[in-house]
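Here is what each chain is made of, one letter per residue.
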Amino acid sequence: MRLTAFTDISLRIVMRLAVAGRDELLTTREVAEALVVPYTHAAKAVARLSELGVVEARRGRGGGLQLTEAGRSASVGVLARQLESAGDVVGCDDAPPCPLRAACRLRVALRQAQEAFFASLDTVTVASLVDSPTGPVLLNLPVHR
């Protein structure tokens with residue numbers, strides 16, 4: 001199982017915000033630069049994380065990003081499910097569609113494996129992801145202001 005780049009970037013943004021001080025606001029650009037991801041990708045991730053109530057994004061002068069309490073206690077498994085597309089692991093219905101799709105047992109097995117993958121992340125919280133040694137590394141990432 002491999003997560004999309006979108007989910008990877010989103011989770012890294014959440015982790016960086018999780019170690020920020022309670023009153024520290026980082027901009028999307030600062031987070032993107034610190035995590036070495038394209039600004040446009042980070043902006044899309046922040047928009048989705050805001051929709052999910054994980055990140056609070058304040059616009060304008062004095063604005064920035066903050067992780068919400070719901071974001072801090074969020075399950076990584078739940079976040080990954082919400083960030084990943086709802087499609088199958090394999091492209092059974094792609095063009096051209098697989099001729100086995102009507103009677104295929106592989107599709108069901110892969111869907112079960114995917115759910116087992118997410119379930120293994122259900123007990124991991126965002127807060128636990130930033131325990132040492134990860135938290136100090138995140139805090140030492142350069143923030144260009």
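About the criteria used
- Residues numbered from 1 in each chain as written.
- Predicted model: local features only at pLDDT ≥ 70, side-chain atom pairs only at ≥ 80, totals over all residues.
- Heavy atoms only, no water.
- Helix = DSSP H or I, 4+ residues; strand = E, 2+ residues; numbered from the N terminus.
- Buried < 20%, exposed > 50% of the residue type's maximum accessible area, 1.4 Å probe, protein only.
- Contact = heavy atoms within 4.5 Å.
- Areas by Shrake-Rupley, 256 points an atom, 1.4 Å probe, with all protein chains shown as cover.
- Axes fitted to C-alpha atoms, helices over the stretch in contact; angles between N-to-C directions.
- Parallel < 35°, antiparallel > 145°, perpendicular 65-115°, else oblique.
- Nonpolar A, V, L, I, M, F, W, Y, C, P; charged D, E, K, R; others polar.
- Pairing = 2+ DSSP bridges.
- Phe/Tyr/Trp six-rings, centres within 6.5 Å; stacked < 30°, edge-to-face > 60°.
- Lys NZ or Arg CZ within 6 Å of the ring centre and 35° of its normal.

Asks: Break down the overall build of the protein for me, with residues and values.
Replies: Of regular secondary structure, the protein possesses eight helices and two strands. Reading the protein from its N end, one meets helices and strands in the order α-α-α-β-β-α-α-α-α-α. Taking the principal axes of its C-alpha atoms as reference, the protein extends roughly 55 × 30 × 25 Å. The proportion of buried residues among the 145 residues of the protein is 35%. When contacts within the protein are restricted to residue pairs at least 6 apart in sequence, long-range pairs at least 24 apart make up 69% of them. Per element, the accessible surface of the protein, about 8,600 Å² overall, is 57% carbon and sulfur.

Asks: Explain the packing of helix α1 (residues 5-18) against helix α3 (residues 39-51) to me, and be specific about the residues and the numbers.
Replies: For the pair α1 and α3, interaxial distance at closest approach is 9 Å and the crossing angle is 75°. Judged on the interaxial angle alone, α3 and α1 are roughly perpendicular. Within the contact between the two elements, α1 uses F6, I9, S10, I13 and V14 and α3 uses H41, A42, K44, A45, V46, R48 and L49. Looking at the contact of α1 with α3 residue by residue, the class counts come to eight nonpolar, two polar and two charged.

Asks: Give a detailed account of the environment of A103, specifying residues and quantitative values.
Replies: The topology assignment puts A103 in the loop between α5 (76-83) and α6 (106-121). Along the primary structure A103 and R29 are separated by 74 residues, whereas in three dimensions their C-alpha atoms are 48 Å apart.

Asks: Hey, could you go over the side chain of T68 for me, with residue numbers and the actual values?
Replies: Within the fold, T68 resides in the loop between β2 (64-67) and α4 (69-72). With a relative accessible area of 18%, T68 lands in the buried category. T68 has contacts with G53, V54, V55 and E56, leaving out every residue within four places of it along the chain.

Asks: Describe the pairing of strand β1 (residues 55-58), with residues and values.
Replies: The pairing of β1 with β2 spans four bridges and is classified as antiparallel. In the sheet register, A57 faces β2, and the bridge partner there is L65. Connecting β1 to the antiparallel partner β2 that follows it, the hairpin turn spans five residues, and G60 within it adopts a positive phi of roughly 85°.

Asks: I'd like a rundown of the environment of R61, residues and numbers included.
Replies: Structurally, the position occupied by R61 is in the loop between β1 and β2. Judged by relative accessible area, which is 86%, R61 ranks as exposed. As a C-alpha pair, R61 and V124 span 63 residues in sequence and 35 Å in three-dimensional space.

Asks: Help me get a handle on the packing of aromatic side chains, residues and values and all.
Replies: Inspection of the entire model under this criterion finds one aromatic pair. Across from the ring centre of Y39, 4.0 Å away, lies the NZ or CZ of R29, which sits over that ring.

Asks: Let's hear about the side chain of T28: which residues, and what values?
Replies: With respect to the helices and strands, T28 occurs in helix α2 (residues 28-35). The exposure class of T28 is buried, given its relative accessible area of 16%. If we skip the residues at most four places from it in the chain, T28 touches Y39, A42, A43, V46 and L65.

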